[in-house]
There are 2 protein chains.
Amino acid sequence: MSKAKKQKSFRPKARKAKGFEDRHGKLLRSENALIKAASDIFDAHGFEPLSTPAFEYADALGKFLPDEERPNAGVFAIEDDDKQWLALRYDHTAPLARFVAQNYDGLAKPFRRFSAGPVWRNEKPGPGRFREFIQVDADTVGTKSPAADAEMIMLAAKVMQGVGLTSDEFTIYINDRRLLDVLLADLGVADTTEGLLQKGIVVRAIDKLDRLGERGVELLLGSGRKDDSGDYTKGAGLTTAAIAKVLAFTRSGHQDRNNTLSAIEKLLGNSELAKQSLNDLNMINDLVTAAGWDENCVFFEPSIVRGLGYYTGPVFEANINLQATDAKGRPMNFGSVGGGGRYDGLVARFKGIEVPATGFSFGVSRFAALMSSLDRLGDQDIAPVVVLALEPDQMASYFTMAEELRADNIRAEVYMGTSGMKAQMKYADKRGAPAVVIVGEDERMAGNITVKNLNLGSKISEQITDNVQWRKANAAQSTDKRSMLVNLVQKTLTP
Amino acid sequence: MSKAKKQKSFRPKARKAKGFEDRHGKLLRSENALIKAASDIFDAHGFEPLSTPAFEYADALGKFLPDEERPNAGVFAIEDDDKQWLALRYDHTAPLARFVAQNYDGLAKPFRRFSAGPVWRNEKPGPGRFREFIQVDADTVGTKSPAADAEMIMLAAKVMQGVGLTSDEFTIYINDRRLLDVLLADLGVADTTEGLLQKGIVVRAIDKLDRLGERGVELLLGSGRKDDSGDYTKGAGLTTAAIAKVLAFTRSGHQDRNNTLSAIEKLLGNSELAKQSLNDLNMINDLVTAAGWDENCVFFEPSIVRGLGYYTGPVFEANINLQATDAKGRPMNFGSVGGGGRYDGLVARFKGIEVPATGFSFGVSRFAALMSSLDRLGDQDIAPVVVLALEPDQMASYFTMAEELRADNIRAEVYMGTSGMKAQMKYADKRGAPAVVIVGEDERMAGNITVKNLNLGSKISEQITDNVQWRKANAAQSTDKRSMLVNLVQKTLTP
């Protein structure tokens, strides 16, 4: 009584929280297929599965939020009973750094792990921008060797292949943070507050090459740029010679990998840092080349700027080179589906000693949505065969039929409601069931079963009012002995 | 520079948040195997995967927290920018009710879905009690048919079998909330505030039958009970006749299913509610019996009390009947690994119309930990073969070797660090690698490879200081032509 009263006095509105999404059907199956493909590949390479908690202490997460440009970017944080602040992880890397630091002595090093699961960003939601999304990461902690970076690059390429992309349908871009640092130092950008501001403008300008073209970037590197809406973006104020050098740098990518490295060496080769970087990139190139990855799908691209502030060496990005449209037929901007790089300072935050590391992270939610929109993933979303429940006292026999189908690897279910045949057929239609099994009193008395192919006869069901009319109207069904159930369904499902 | 300074001024302690756990290795593999087994079974039965967000609006989640006894039980809640309260889900059922209410017209009904993922409880953590754990659920929404309850019971049993338990190693208990209500009404427990308090004491007493035995429960139903520590628990104050009836009720379970139902009918059969309940339980019994589930692993148990306040009809519980010890050799209390039941009122909170539903939920974290402790799950935790990296300029050839092993479905990795042979052998030992592939300069010049079986020769590595001594000391290794790599590793791995 008191419960019923409570329900009357307050009825909440059924709405999902703003910026979050329910995932199901083909999209969720795409995500799961992607996670499985990536996990299997990482596992085969000896990476260990690791699942850290959703919450970390806020001080352990640190301020390594991506996209430093957006000051609103934040975390979901809660003050615990003991006055310590807990925050939901915004990626899998910061919790990994905490895990490694906490368990350092017990771990076999290099420590290689993979993680898959949701991460949360307390941001203003927008179209296609959610506050919860899935990432799957692989990381190698405890080695400076560029072989570990090369492995990350090849793992990323293998995952792209693993979900069915051919080598001309994806690209892994490689760059190195140190090259940018050398370039900027060469241009006289100092490590002062003002210099860092200028550096930021240059880096963001390079990042926009894809969108604005060379002329737009040139303006941003120089005096500034007014966009189509009239908004003005302040420029970096570089000299004409400096601008030419930046553009030459960005132009050196997207070609034979050896040629790119030679061009970069000519541009920046004098400093110690440039030499270190080029040494590492050459070793990466050797390993990637020896493993047979061609120049079209893995190449050096100096215009690639990964947002995260913690990268210290090689950086990577995975892109899909395909066109697609969303559910409403609008073209979808594909671009990057993952990225990574070397971050030698992250564990040092805790340990005080440098623990070099490198990793790669796929944005599963985005990647899977793109693949799903292309019908390239999630195709295992096949609706079950529905066994109609026409006689309430015959449920046990319907259960047996569904079980026989499952034993033959056919997805099957018994209609679980209490409605009549027409509603049951509508249910099967709405589910997209490929076939229904019909055993009414007549069939049962005769020891028969009827299987109707809904792929053939769909929509007919709407005109049906009784069992007899049904049978007359519809050629897409066949009847056989009860013992032939599995056989008949198999025949119906085979195109 | 500025970064290094910042790190000096503040170094956070690397510690995981209180009440949360890092999962990895065998335990995490157990969880994943369990989720996969359950998901595959639900999927084969036509249930659709659904993933709702971690956050719901707090008013949508409602106050259906389990374990009503503990007033401290709570959720993790955050106030959003727009002043609405978000809360992390504490189970998968409350979000399902919101999802169904929000998408009601578009769903084919009965709507059957499964979900797997973490849930959060903002509770005081204790031994084995975490604030984040994984649940996997299946639910059928939109039917009153007891066939849907029977399906849940059999799905639960199939999942138990699916993870490798035999029918004498697990039990699915069935009870019905309505029977308890009838019993208590018969005993004169009124629906007043005082009566509900008394009802609570009776229900909790029945729930403790397993732990306290009949004598203990008798005391709790009567005047009260003092436990071994001297703490006194107030009793329900029932009369001797009433106590006898409650005990007769609890005694009617755990036997031939038909006998239990007859005994209950004799005890409670006069009221309309008892008849409805027994009708449903008889139909469940018929379906479970027809499907061949024997009396030992699926039976009616009137002493089963599931905690959740929202159950309205049949309730279920899955138990493991095995002994195990934890990592420290202490006996583990197995008990329940999952439960469920019918909840016809949950969607009505939003819709105002009754949407009957039934479901089952496995506590994956607990279930998997038990199975893992028995070495019954997670046995796919096999460490990779390690290809040693002995000559820095030969990394490409080590990568090729590991790739050849993987192509033959052998988990393999190249040592990614920069240390010498001794450290590499220690690494392989620490990882638990079954074998290492050794190609130093000698082998390479001779076109050979050496494979060492670490399962045989483990620990020897610690005494080794150079390559020559190694080869002498150790019989558990063999050398062959480079082309025989996969063959030789296969031979080494085969017991």
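Procedures and definitions
Residues numbered from 1 in each chain as written. Chains lettered and ligands numbered in written order. Predicted model: local features only at pLDDT ≥ 70, side-chain atom pairs only at ≥ 80, totals over all residues. Heavy atoms only, no water. Helix = DSSP H or I, 4+ residues; strand = E, 2+ residues; numbered from the N terminus. Rg over C-alpha atoms; globule rule 2.2 N^0.38 Å. Buried < 20%, exposed > 50% of the residue type's maximum accessible area, 1.4 Å probe, protein only. Contact = heavy atoms within 4.5 Å. Areas by Shrake-Rupley, 256 points an atom, 1.4 Å probe, with all protein chains shown as cover. Pairing = 2+ DSSP bridges. Axes fitted to C-alpha atoms, helices over the stretch in contact; angles between N-to-C directions. Least-squares fit on C-alpha atoms with pLDDT ≥ 70 in both. Domains from an automatic or database assignment. Buried area = accessible area lost by both parts, 1.4 Å probe. Salt bridge = Lys/Arg side-chain N within 4 Å of Asp/Glu carboxyl O. Polar contact = N/O pair within 3.5 Å; in protein donor to acceptor, adjacent residues only side chain to side chain. Nonpolar A, V, L, I, M, F, W, Y, C, P; charged D, E, K, R; others polar. Phe/Tyr/Trp six-rings, centres within 6.5 Å; stacked < 30°, edge-to-face > 60°. Lys NZ or Arg CZ within 6 Å of the ring centre and 35° of its normal. Parallel < 35°, antiparallel > 145°, perpendicular 65-115°, else oblique. Left-handed = near helix turned anticlockwise from the far one by under 90°. Expected span 1.5 Å × (residues − 1). Arc of directions from axis to C-beta.

1. Notes on the overall build of chain A
(1) Moving on: In terms of helices and strands, chain A carries 19 helices and 21 strands.
(2) Moving on: In terms of overall dimensions, chain A is more spread out than a globule: its C-alpha atoms have a radius of gyration of 29 Å, far above the 23 Å expected for 495 residues.
(3) Moving on: Viewed in the frame of its principal axes, chain A has a C-alpha envelope of about 90 × 60 × 55 Å.
(4) Moving on: Taking all 495 residues of chain A together, 56% fall into the buried category.
(5) Moving on: Contacts spanning at least 24 positions in sequence make up 71% of the contacts within chain A whose residues lie at least 6 apart.
(6) Moving on: As presented, chain A carries roughly 21400 Å² of accessible surface, and 50% of it is formed by carbon and sulfur atoms.

2. Digging into the sheet that holds strand S20 (residues 448–453) of chain A
Residues and elements named next belong to chain A.
(1) Moving on: Across the sheet, 5 strands lie side by side as S18-S17-S19-S20-S21; this open sheet has mixed pairing. Both outer strands of the open sheet, strand S18 (412–414) and strand S21 (477–481), are each paired with one neighbouring strand and no more. Each adjacent strand pair in this sheet contributes to an overall mean axis angle of 20°, direction not counted.
(2) Moving on: Note: S20 against S21, 5 bridges, orientation antiparallel. Each bridged residue has a counterpart across the sheet, and for Thr450 the counterpart in S21 is Thr479.
(3) Moving on: Sitting on the sheet, helix H19 (residues 485–493) is in contact with strand S17 (385–387), strand S19 (435–438), S20 and S21, with an inclination near 15° to S20.

3. Digging into the relation of the copies chain A and chain B
(1) Moving on: Between the two copies, chain A and chain B, the superposition gives an RMSD of 0.1 Å; the rotation angle is 180° and the shift along the axis is 0.0 Å. Such values leave the two copies arranged in the relation of a two-fold axis. Residues of chain A ranked by C-alpha distance from the rotation axis are headed by Ile78(A), positioned 3.4 Å from it.
(2) Moving on: Of the residues that chain A buries at the interface, 99% are likewise interface residues in chain B, meaning the two copies contact each other through the same surface.

4. Notes on the domain arrangement of chain A
Accessible area lost when the parts come together is the quantity often used to give the size of an interface.
(1) Moving on: Looking at the assigned domains, one finds that chain A contains domain 1 (25–181 + 249–373) and domain 2 (385–493).
(2) Moving on: Computed from C-alpha coordinates alone, the two centres of domain 1 of chain A and domain 2 of chain A are separated by 49 Å.

5. Comments concerning the interface of chain A and chain B
(1) Moving on: Listed as interface residues are 94 residues of chain A and, on the opposing side, 95 residues of chain B.
(2) Moving on: For the pair chain A and chain B, the summed buried surface comes to about 8100 Å²; carbon and sulfur atoms form 56% of the total.
(3) Moving on: Connecting chain A to chain B are 22 salt bridges.
(4) Moving on: Note that Arg29(B) is salt-bridged to Asp43(A), the shortest N-O span being 2.8 Å.
(5) Moving on: For the pair chain A and chain B, the number of links is 43 residue pairs in polar contact (both at pLDDT 80 or more).
(6) Moving on: Looking at the side of chain A that touches chain B residue by residue, the class counts come to 43 nonpolar, 19 polar and 32 charged.
(7) Moving on: In this structure, strand S1 (residues 23–24) of chain A lies alongside strand S2 (residues 48–51) of chain B, joined through 2 bridges in antiparallel fashion. Among the inter-strand pairings, His24(A) is bridged to a residue of S2(B), identified as Leu50(B).

6. Quick word on the packing of aromatic side chains
What describes a pair of aromatic rings is the distance from one ring centre to the other and the angle between the planes of the rings.
(1) Moving on: If you walk through the whole model with that rule in mind, you get 27 aromatic pairs over all chains.
(2) Moving on: Both rings, one in Tyr173(B) and one in Phe299(B), keep their centres 5.2 Å apart while their planes meet at 75°; by these two values the pair is edge-to-face. Highlighted residues: Tyr173(B) in strand S8 (residues 170–176) and Phe299(B) in strand S11 (residues 298–300), separated in sequence by 126 residues. Each member of the pair, Tyr173(B) together with Phe299(B), is buried.
(3) Moving on: By way of ring pairs, the aromatic residues Phe316(A), Phe360(A), Phe362(A) and Phe367(A) are connected into one cluster.
(4) Moving on: Taking NZ or CZ as reference, Lys109(B) lies 4.1 Å from the ring centre of Tyr104(B), over its face.
(5) Moving on: Positioned above the aromatic ring of Phe350(B), the side-chain terminus of Arg349(B) is 5.2 Å from the ring centre.

7. Things to note about the sheet that holds strand S8 (residues 170–176) of chain A
(1) Moving on: Pairing is mixed across the open sheet formed by 9 strands, whose spatial order is S11(A)-S8(A)-S12(A)-S15(A)-S16(A)-S7(A)-S6(A)-S2(A)-S1(B). In the strand order of this sheet, the two ends are held by strand S11 (298–300) of chain A together with strand S1 (23–24) of chain B, each with one partner.
(2) Moving on: Where S8(A) lies against strand S12 (residues 314–320) of chain A, 7 bridges are found, and the strand directions are antiparallel. Note on S12(A): the bridge partner recorded for Ile172(A) is Ala318(A).
(3) Moving on: Contacting S8 and S12 of chain A, helix H6 (residues 177–186) of chain A crosses the sheet at an angle of about 50° to S8(A).

8. Observations regarding unusual backbone geometry
Residue and element names in this part refer to chain A.
(1) Moving on: The omega torsion across Lys109 and Pro110 is 0°, close enough to zero to call that bond cis.
(2) Moving on: By the secondary structure assignment, Pro110 is in the loop between helix H4 (93–102) and strand S6 (111–120).
(3) Moving on: In this model, Asn409 sits at a positive phi of 65°, which is unusual for a non-glycine residue.
(4) Moving on: The residue Asn409 is located in the loop between helix H14 (395–407) and S18 in this model.

9. A few points about the side chain of Glu391(A)
(1) Moving on: Checked against the element boundaries, Glu391(A) lands in the loop between S17 and H14.
(2) Moving on: Those residues in contact with Glu391(A), other than ones at most four positions away along the chain, are Tyr398(A), Gly440(A), Glu441(A) and Arg444(A).

10. Describing the packing of helix H2 (residues 25–44) of chain A against helix H5 (residues 146–162) of chain A
Angle between the axes and distance between the axes are the two parameters that describe a pair of packed helices.
Residue and element names in this part refer to chain A.
(1) Moving on: Viewed as axis vectors pointing N to C, H2 and H5 meet at an angle of 135°, and their least axial separation amounts to 9 Å. Considering the angle they form, H2 stands oblique to H5. Note that H2 runs across H5; the crossing there is right-handed. Listed contacts from H5 to Leu34, Ala37, Ala38, Ile41 and Phe42 of H2 are Leu155, Lys158, Val159 and Gly162.

11. What to know about the pattern of salt bridges
All names here are of chain B.
(1) Moving on: The tally for this structure, following the rule as stated, stands at 64 salt bridges over all chains.
(2) Moving on: A salt bridge links Arg251 to Glu214, with the nearest nitrogen and oxygen atoms 2.6 Å apart. One end of the pair, Arg251, is in helix H9 (residues 240–251); the other, Glu214, is in helix H8 (residues 209–221), and 37 residues separate them in sequence.

12. Quick notes on the environment of Asn175(A)
Residues and elements named next belong to chain A.
(1) Moving on: In this structure, Asn175 sits in strand S8.
(2) Moving on: Looking at Asn175, the relative accessible area reads 2%, which means it is buried.
(3) Moving on: Spatially, the C-alpha atoms of Asn175 and Leu493 are 50 Å apart, while their sequence positions differ by 318 residues.
(4) Moving on: For Asn175, the contacting residues outside a window of four places in its chain are Phe249, Leu281, Glu301, Pro302, Ser303, Ile304, Gly313, Pro314 and Val315.
(5) Moving on: Polar contacts involving the side chain of Asn175 include one to the main-chain carbonyl oxygen of Ile304, which spans 2.8 Å.

13. Examining the pairing of strand S15 (residues 336–342) of chain A
Residues and elements named next belong to chain A.
(1) Moving on: With 6 of 7 residues buried, S15 is to be regarded as a mostly interior element.
(2) Moving on: For S12 and S15, the ladder comprises 5 bridges, and the chain directions are antiparallel. Paired with Asn319 across the two strands is Ser336, which belongs to S15.
(3) Moving on: Looking at chain direction, S15 and strand S16 (residues 357–363) are connected through 5 bridges and run antiparallel. Bridge pairing in S16 places Gly341 opposite Gly359.

14. Description of helix H10 (residues 257–268) of chain B
Three or four residues apart is the spacing at which side chains of an α-helix point the same way, because the helix has 3.6 residues per turn.
All names here are of chain B.
(1) Moving on: In a regular helix each residue adds 1.5 Å, so 12 residues correspond to 16 Å; H10 covers 16 Å between its end C-alpha atoms and thus fits that length.
(2) Moving on: Residues of H10 that are buried: Arg257, Thr260, Leu261, Ile264 and Leu268. Within H10, the buried residues cover an arc of 95° as seen down the axis, which keeps them to one side.
(3) Moving on: Where the residues of H10 are buried, they touch helix H6 (177–186), H9, helix H11 (272–290) and S11.

15. Focus: helix H4 (residues 93–102) of chain B
(1) Moving on: Counting buried positions over the 10 residues of H4(B) gives 9, a clear majority of the element.
(2) Moving on: Those residues of H4(B) that sit buried are Thr93(B), Ala94(B), Pro95(B), Leu96(B), Ala97(B), Arg98(B), Phe99(B), Val100(B) and Ala101(B).

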